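Here are the chains, one letter per residue:
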Amino acid sequence: MARIVMKFGGTSMAGIERIRSVAARVKREWEAGNQVAVVVSAMAGETDRLVGFCREASSLYDPKEYDVVVAAGEQITSGLLAIALQAIGVPARSWLGWQLPVQTSDAFAKARIEDIGTDALLASMGAGEVAVIPGFQGVHEGRITTLGRGGSDTSAVAVAAAVKADRCDIYTDVDGVYTTDPRIVPRARKLKRVTYEEMLELASVGAKVLQTRSVGLAMKEGVRVQVLSSFTGDGAPMADTLPGTMIVGEEEIQDVERQLITGIAHDKNEAKITLTAVPDKPGAVASIFTPLADASINVDMIIQNIAHQSAGSASATDVTFTVPAADLARSLEILAQQKESIGFTDISHDTRVAKVSVVGVGMRSHAGVAATMFQTLGARGINIQAITTSEIKVSVLIEEDYTELAVRVLHTAYGLDADGVAA
């Protein structure tokens with residue numbers, strides 16, 4: 001007997017028939033004698049619809065009330081799945097975020113899980129009952145919170161860690177992790193295994209398979225995560241034999257399986273902000289990014305130009321950085337409020353940009369990865385606006401219109417094209 005956490009995304013829960021299909025899949029795990037907890041997302045498109053209502057009501061909505069609205073999507077699917085399971089003879093009940101409880105920080109709309117109550121949950125699972133848990137939501141001092149877009153992945157991994165699950169199966173509309181988006185590159189390869197570090201980097205730079213925080217939590221807690229398709233048909237084998245992608249520690253991947261680059265990711269949900277004539281003095285840059293950090297806005301790429309000095313004026317510099325496109329309006333408002341204390345002359349922004357990244361643990365022991373990237377893009381006339389690197393990642397900011405071309409040529413340049421055979 002194993003303890004399994006199963007997570008189903010929005011496309012898997014998009015309508016009663018699909019919910020019934022999910023229930024049948026859950027029943028097979030339950031009938032195998034496993035203890036099962038299921039974490040569900042809202043129906044496909046439902047969260048966008050609820051977010052749209054909030055924005056329509058006010059572009060500067062109260063995050064606390066926003067959480068009340070958008071948490072409703074997962075509450076609906078958790079109740080519906082519990083009903084569907086009961087209808088096919090599986091004892092099940094839903095556990096809302098405040099009922100476990102899933103305790104979070106007070107960063108409404110972007111809360112972080114701090115603790116999950118497991119006593120009642122484990123007792124229920126031990127008695128053979130399937131627990132159905134809405135992802136994405138928690139509670140802080142009596143108020144509903146949400147974890148940010150894609151937060152159901154984080155909920156699933158956090159539940160798996162809390163109940164010490166043997167495995168966390170993430171069911172989605174893809175059948176694993178690929179070397180890049182197969183809709184852009186049909187010859188992209190599905191990977192059997194990816195390290196936590198590589199998946200963390202891929203998720204952080206735009207790969208849509210798993211949410212960044214969920215991967216970081218899995219790495220921290222040592223949760224084995226498997227990415228699987230929920231659209232494999234009723235006759236598909238059990239999850240422990242399905243050919244998905246396992247997210248594991250680096251020690252589980254043999255040297256013969258390693259390659260220089262694991263994958264290419266892209267992200268069009270970026271916005272570039274430029275502040276001109278920022279005083280070139282100690283503390284000036286901190287005055288820009290501290291208020292953004294206080295508002296829980298993540299800043300990614302940062303470029304500070306060489307300071308310049310006009311006749312009779314103090315030395316100044318231009319500062320360019322990127323933020324998530326969804327945080328652009330709030331970022332501009334905060335910076336406008338801080339204009340006098342920061343001292344910049346003008347502010348501009350551009351949303352027609354994209355981030356393209358190459359990721360692989362092989363970078364640690366091989367030189368020339370960045371050079372190959374720059375040469376490949378340059379040969380196609382693609383201008384690089386910003387660069388950022390880590391030990392296993394190189395990212396560039398380019399014009400959005402060149403995104404697909406950049407992904408395709410880089411995928412070929414690093415030898416990732418194949419005939420669809422798993423790596």
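Chains are numbered independently. Their residues run from 1 in the order of the written sequence. Per-residue local features of the predicted model are confined to residues with pLDDT of at least 70, and side-chain atom pairs are confined, for both listing and counting, to 80 or more; whole-chain, interface and lining totals are unaffected and use all residues. Based on all heavy atoms of the structure, the side-chain values leave hydrogens and waters out of the count.

Participant: Can you walk me through the pairing of strand 9 (residues 167-172) in this structure?
Facilitator: Side chains on a regular strand alternate between the two faces of the sheet. Summary of the burial criterion: residues with accessible area below 20% of their type's maximum are buried, those above 50% are exposed, and those between are partly exposed, where the area comes from a 1.4 Å probe applied to protein chains only. Helix and strand definitions follow DSSP, with helices as H or I runs of at least four residues and strands as E runs of at least two, each counted in order from the N terminus. Among the 6 residues of strand 9, 6 are classified as buried, and the element is accordingly described as predominantly covered. Alternating residues of strand 9 divide into Arg167, Asp169 and Tyr171 and Cys168, Ile170 and Thr172, and every residue in both groups is buried.

Participant: I'm lost on the nonpolar core in this one. Help?
Facilitator: Where a protein is soluble and globular, its nonpolar side chains tend to be buried together. In this structure, Val5, Cys168, Met199, Leu210 and Val225 are the most contacted members of the largest nonpolar core, which totals 38 residues. Listed by contribution, the elements that provide at least two residues to this core are strand 2 (35-40), helix 5 (119-126), strand 6 (130-134), helix 6 (151-162), strand 9, helix 7 (196-204), helix 8 (212-221) and strand 13 (225-229). Looking at this core element by element, the count peaks at 5 residues for helix 6. In this analysis, two residues are considered to be in contact whenever any of their non-hydrogen atoms come within 4.5 Å of each other. In this view, Val5 contacts Ala37, Val39, Ala156, Val159, Ala160, Val163, Ala165, Arg167, Cys168 and Asp169; residues no more than four positions away in its chain are not counted. Nonpolar cores are built from buried Ala, Val, Leu, Ile, Met, Phe, Trp, Tyr and Cys residues. Side-chain atoms within 4.5 Å join them into one set. Ala23, Leu85, Val90 and Val132 belong to the second-largest nonpolar core, a separate cluster that totals 22 residues.

Participant: Sorry, what's going on with the pairing of strand 13 here?
Facilitator: Burial runs high along strand 13: 5 of the 5 residues are buried. What makes two strands pair is DSSP finding at least two bridges between them. Sheet topology places strand 9 next to strand 13; 5 bridges connect them, and they run parallel. Paired with Tyr171 across the strands is Leu228, a residue of strand 13.

Participant: In this structure, what is going on with the packing of helix 7 against helix 8? I would like to understand it.
Facilitator: The geometry of a pair of packed helices is captured by two quantities: the angle between their axes and the separation between those axes. Every axis corresponds to a line fitted to the C-alpha atoms, with the helix fit spanning only the stretch in contact, and the corresponding angles, defined between N-to-C directions, vary from 0 to 180 degrees. Two numbers describe how helix 7 lies on helix 8: the axes approach to 8 Å, and their chain directions differ by 165 degrees. When the axes of helix 7 and helix 8 are compared, the pair comes out roughly antiparallel. You can see that helix 7 and helix 8 cross each other, and the crossing is left-handed. Residues Tyr196, Glu197, Met199, Leu200, Ala203 and Ser204 of helix 7 form the contact with helix 8, whose own contacting residues are Thr212, Val215, Gly216, Ala218 and Met219. Grouping the amino acids of the contact of helix 7 with helix 8 by side-chain chemistry returns 7 nonpolar, 3 polar and 1 charged. Roughly parallel here means an angle under 35 degrees, roughly antiparallel means over 145, roughly perpendicular means 65 to 115, and every remaining angle is called oblique. By definition, turning the near helix anticlockwise from the far helix through less than a right angle yields a left-handed crossing, and turning it clockwise yields a right-handed one. Side-chain classes are defined by residue name, with Ala, Val, Leu, Ile, Met, Phe, Trp, Tyr, Cys and Pro counting as nonpolar, Asp, Glu, Lys and Arg as charged, and the others, Gly among them, as polar.

Participant: Which parts of the structure should I look at to understand the environment of Arg189?
Facilitator: Here Arg189 lies in the loop between strand 10 (177-178) and strand 11 (190-191). Separated by 43 residues in the primary sequence, Arg189 and Thr146 have C-alpha atoms spaced 34 Å apart. Of the polar contacts made by the side chain of Arg189, one reaches the backbone oxygen of Leu416; its length is 3.1 Å. Definition of a polar contact: a pair of N or O atoms within 3.5 Å, with one able to donate and the other able to accept a hydrogen when the atoms are protein atoms, and with sequence-neighbouring residues admitted only if both atoms are side-chain atoms.

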